[in-house]
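Geometric and topological summary
Here are the chains, one letter per residue:
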Amino acid sequence: MVSKDLPFTKEEILKITEKYPTPFHIYDEKAIRENARRMKSAFKDVPGFKEFFAVKALPNPFILKILKEEGFGADCSSLPELILAEKAGMTGDDIMFSSNDTPAEEFAKAKELGGFINLDDISHIHYLEKAAGLPEIVCFRYNPGPLKEGNAIIGKPEEAKYGFTREQMFEGYRVLRDKGVKRFGMHTMVASNELNSDYFVETARILFELIVEISKELGIQFEFVNLGGGIGIPYRPEQEPVSLEAVAKGVKEAYNATITANGLAPLKVYLECGRIITGPYGYLVSQVRHLKSTYKDYVGMDSCMSNLMRPGMYGAYHHITVLGKENKPPVHKYDVTGSLCENNDKFAIDRMLPEVEVGDILVIHDTGAHGHAMGFNYNGKLRSAELLLREDGSVVQIRRAETIEDYFATLDFEQLKSFR
Ligand SMILES: *Cc1c(COP(=O)(O)O)cnc(C)c1O
C-alpha cells in the first residue's frame, strides 16, 4: 500500500485541535531545518553556494526567521515580500529581488535594503535608474528562448513572459558597463516542479556558457549566477525526490568545464527555490463535515480551495491520509471536496481511501509551499491559521485564522447606511 509518513499522531492532532480548531496548516520545524542542512551539505563543494528562499511559497516571517538561521536568504518579488524578509532580519546580501512588471517603489525598497536587484527586462535599466538610481551590482534574468538542438530537456522558454532575449543580454550588460556598473549577476528560471535533475544541470550549463561569452565580449567579470528555483517534490508517494547531490555534482562539473576553464572563477552559485525547501513539511489538517452519496460518493471537508488551490487550479495530486486509519485498506472511492460554489473545489477526485466517517480528520500532504500562500477569499471563505510544530513537540500559532471582521475590513458599512 502506498503511504506517506506524518510527523504527528492522531492523538497529538486531537490535542492541538482543542486549542486550534480545524482547518489549519501545520509546518514541521525539525524537518525544515534538517532539509535546509541537507541542501547546504549537498552543495558544499559548489563555489559560494547560497539558497534564497522564494518567499511567495510560504510568506510567513516565522518560517523566514528559521531559514535565516539556517543561512538562507530570501527571494522576493513584491513590496510586502521585501518587508516580510526585512522583518525576519534579512537585508543586504540576504535579499534577492526577482520581480517582473515591477513598480518603482518596489525597486526603491529593494535598493534601500541593499538586496540584489534582478531585472526582468532591458527597459528596466532606465526605469530602475530613474526610480532608485543604479545599484553597485545588477543582475539580469535570461530567457533562453528557442534553444538550439540538444536542449530538448528545457521546454519552451519562448512562451514565457519572463526575462531578456539573448541579444538583449549582451546589449543590457554593455549599457550597464558604460554607465559605470562594475558588479554583475545573471539569473534564469525556466522550470517549475521539475523532478529531473538533469534539467537543473542543463540550466546551469546554459548560463555558464553565456557568462563566458559575455565576459569575453564585454570585458566584464560576473560575481554570481542564480539558477532560479523550480526543483520539484514527490507529491505522489511513488515518486522519487530530486537528488540534490546529483544536481550539485553536475553543476560543479559544468562550472569547471566553463567558468574555471576560462579563468572566470570565482563565480558564486545561487538558487532561489521555494517548493523543495518547505513543500513536503506542511500539512493541511481538516475535518470531515458531511458525507454525500449521489452519482458519486463525496467527502465534504471543513476546508476548501481558500486553504489549498493547487488541486482545483492545476489538477495537482496531494496525498491524503485519514488519521487513525493509516493501516486500513483503501476500499472506497471518493471525491474529497470543499464548500465553494465551484465544481473544481476538490482536493481529490476518484481517490481510494479507507471508509471515511463524519468527524474523521484528513491530513492533506505537501502543503508547505504554494499552499496557504495561494489562498483567496472567493465566496466569502476565510483563510486558516498556520501552526508550527517545534522541535520539542510544542505547537505555536504563527498566523491566526482570518475572521469575518478581516473579510469586511475593506468595506465601510457606515457609508452604506447613507448611500442612496
Ligand atoms: C516561483 C519562483 C521561484 C520559486 O519556485 P519554486 O518552484 O517554489 O522553487 C523562484 N524564483 C522565481 C523568480 C519564481 O517566480
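Residues numbered from 1 in each chain as written. Predicted model: local features only at pLDDT ≥ 70, side-chain atom pairs only at ≥ 80, totals over all residues. Heavy atoms only, no water.

1. Brief notes about the overall build of the protein chain
Helix and strand counts for the protein chain stand at 13 helices and 17 strands. Rg of the C-alpha trace for the protein chain: 23 Å, near the compact-globule value of 22 Å for 420 residues, within the 12% margin. Taken along its principal axes, the extent of the C-alpha atoms in the protein chain is 70 × 65 × 45 Å. Burial statistics for the protein chain: of 420 residues in total, 52% are counted as buried. Sequence-distant contacts in the protein chain: of pairs separated by 6 or more residues, those separated by 24 or more amount to 70%. (Helix = DSSP H or I, 4+ residues; strand = E, 2+ residues; numbered from the N terminus. Rg over C-alpha atoms; globule rule 2.2 N^0.38 Å. Buried < 20%, exposed > 50% of the residue type's maximum accessible area, 1.4 Å probe, protein only. Contact = heavy atoms within 4.5 Å.)

2. Some words on the pairing of strand S13 (residues 332-337)
The element S13 is largely enclosed, with a buried count of five among its six residues. Bridge count between strand S11 (residues 297-301) and S13: three bridges; the pairing is parallel. Bridge assignment links glycine 300 to a residue of S13, and that residue is threonine 337. Here S13 pairs with strand S14 (residues 346-353) via five bridges, running antiparallel. Bridging from a neighbouring strand, valine 336 pairs with alanine 348 of S14. (Pairing = 2+ DSSP bridges.)

3. A few points about the sheet that holds strand S7 (residues 183-187)
Ordered by their spatial adjacency, eight strands build a closed barrel running S2-S3-S4-S5-S6-S7-S8-S9, and the pairing between neighbours is parallel. Here the average twist between neighbouring strands, direction ignored, is 25 degrees. Sheet topology places strand S5 (residues 116-119) next to strand S6 (residues 137-141); three bridges connect them, and they run parallel. Residue pairing across strands places asparagine 118 opposite cysteine 139, the latter belonging to S6. Strands strand S4 (95-98) and S5 of the sheet are contacted by helix H5 (residues 104-112), whose axis makes an angle of about 145 degrees with S5. (Axes fitted to C-alpha atoms, helices over the stretch in contact; angles between N-to-C directions.)

4. A look at the packing of helix H4 (residues 79-87) against H5
H5 packs onto H4 with a crossing angle of 20 degrees between their chain directions and a minimal axis gap of 9 Å. Taken together, the axes of H4 and H5 are roughly parallel relative to one another. Judged by the sense of rotation from one axis to the other, the crossing of H4 with H5 is left-handed. Residues Leu79, Leu82, Ile83 and Glu86 of H4 pack against Glu105, Glu106, Lys109, Ala110 and Glu112 of H5. Its residues placed into classes, the contact of H4 with H5 shows four nonpolar, no polar and five charged. (Parallel < 35°, antiparallel > 145°, perpendicular 65-115°, else oblique. Left-handed = near helix turned anticlockwise from the far one by under 90°. Nonpolar A, V, L, I, M, F, W, Y, C, P; charged D, E, K, R; others polar.)

5. Focus: the packing of aromatic side chains
Enumeration according to the criterion identifies 19 aromatic pairs in this entry. Ring plane angle 85 degrees and centroid distance 5.4 Å describe the contact between phenylalanine 408 and phenylalanine 413, whose orientation is recorded as edge-to-face. Residue classification places phenylalanine 408 among the partly exposed residues on the basis of a relative accessible area of 32%. Exposure remark for phenylalanine 413: the relative accessible area of 42% places this residue in the partly exposed category. Put simply, the rings of Phe140, Phe164, Tyr173, Phe184 and Phe222 touch in pairs and so form one group of aromatic residues. Taking the ring centre of tyrosine 162 as reference, the NZ or CZ of arginine 141 above it sits at 4.1 Å. (Phe/Tyr/Trp six-rings, centres within 6.5 Å; stacked < 30°, edge-to-face > 60°. Lys NZ or Arg CZ within 6 Å of the ring centre and 35° of its normal.)

6. Digging into the side chain of threonine 102
Checked against the element boundaries, threonine 102 lands in the loop between S4 and H5. Looking at threonine 102, its side chain comes within polar contact range of the side chain of serine 99, at 2.6 Å. (Polar contact = N/O pair within 3.5 Å; in protein donor to acceptor, adjacent residues only side chain to side chain.)

7. Some words on the environment of leucine 14
Tracing the backbone shows leucine 14 in helix H1 (residues 10-19). By relative accessible area, which is 37% here, leucine 14 ends up partly exposed. In the structure, leucine 14 is positioned 241 residues away from tyrosine 255 in sequence and 51 Å away in space, judged by C-alpha atoms.

8. Here's the deal with the layout of surface pockets
Approximately 720 Å³ is the volume found for the largest pocket. At the level of secondary structure, the elements contributing two or more residues to the lining of the largest pocket comprise helix H10 (275-278) and helix H11 (310-314). A breakdown of the residues in the lining of the largest pocket according to their chemical character gives 17 nonpolar, 13 polar and nine charged. Each of domain 1 (10-25 + 280-408) and domain 2 (29-278) accounts for three or more of the residues forming the lining of the largest pocket. (1 Å grid on protein atoms, 1.4 Å probe; cavity = no way out; pocket = protein on both sides within 12 Å on 5 of 7 lines; lining within 4 Å. Points joined across faces, edges and corners; volume = space filled by probe spheres on them. Domains from an automatic or database assignment.)

9. Details of the nonpolar core
Ranked by internal contacts, the top residues of the largest apolar core, which has 82 residues, are Met39, Phe43, Tyr173, Phe208 and Ile214. Sorting elements by how many residues they give to this core places helix H8 (residues 197-218) first, with eleven residues. Here this core spans two domains, and each of domain 1 (10-25 + 280-408) and domain 2 (29-278) adds at least three residues to it. Those residues in contact with tyrosine 173 that sit more than four places away from it in its chain are Phe140, Phe184, Gly185, Met186, Ile214, Leu218, Ile220 and Phe222. Membership of the second largest hydrophobic core comes to 15 residues, among which are Met301, Val322, Tyr334 and Val336. (Core = buried A, V, L, I, M, F, W, Y, C linked by side-chain atoms within 4.5 Å.)

10. Some remarks on the site of the ligand
Around the ligand, 13 residues are found, and the nearest of them are Lys56, Gly230, Glu272, Arg275 and His370. Note that a nitrogen atom of the ligand is positioned 3.3 Å from one of the side-chain N or O atoms of aspartate 75. Its free accessible area being 390 Å², the ligand has 91% of it covered by the protein chains. With respect to the pocket detection grid, the ligand is positioned in the largest pocket. (Near = heavy atom within 4 Å. Areas by Shrake-Rupley, 256 points an atom, 1.4 Å probe, with all protein chains shown as cover. Sits in = over half its atoms within 2 Å of the grid points.)

11. A word on the UniProt feature "binding site: substrate" (unreviewed entry) in the protein chain
When the UniProt feature table is mapped onto this chain, "binding site: substrate" (unreviewed entry) is found at Arg275, Arg310, Tyr314 and Glu342. Over a stretch of 68 residues, the named residues are scattered through the fold, their C-alpha atoms separated by up to 26.5 Å. In the annotation above, Arg275, Arg310 and Tyr314 are the residues that line the largest pocket. As for its placement among the helices and strands, arginine 310 is situated in helix H11. (UniProt positions renumbered as here; feature names shortened; annotations may be inferred.)

12. Let's talk about the domain arrangement of the protein chain
Partitioning the protein chain into domains gives domain 1 (10-25 + 280-408) and domain 2 (29-278). Tallying the contact residues gives 20 residues for domain 1 and 26 residues for domain 2. Summed over the shared surface of domain 1 and domain 2, the result is two salt bridges. Its residues placed into classes, the side of domain 1 that touches domain 2 shows eight nonpolar, six polar and six charged. (Salt bridge = Lys/Arg side-chain N within 4 Å of Asp/Glu carboxyl O.)

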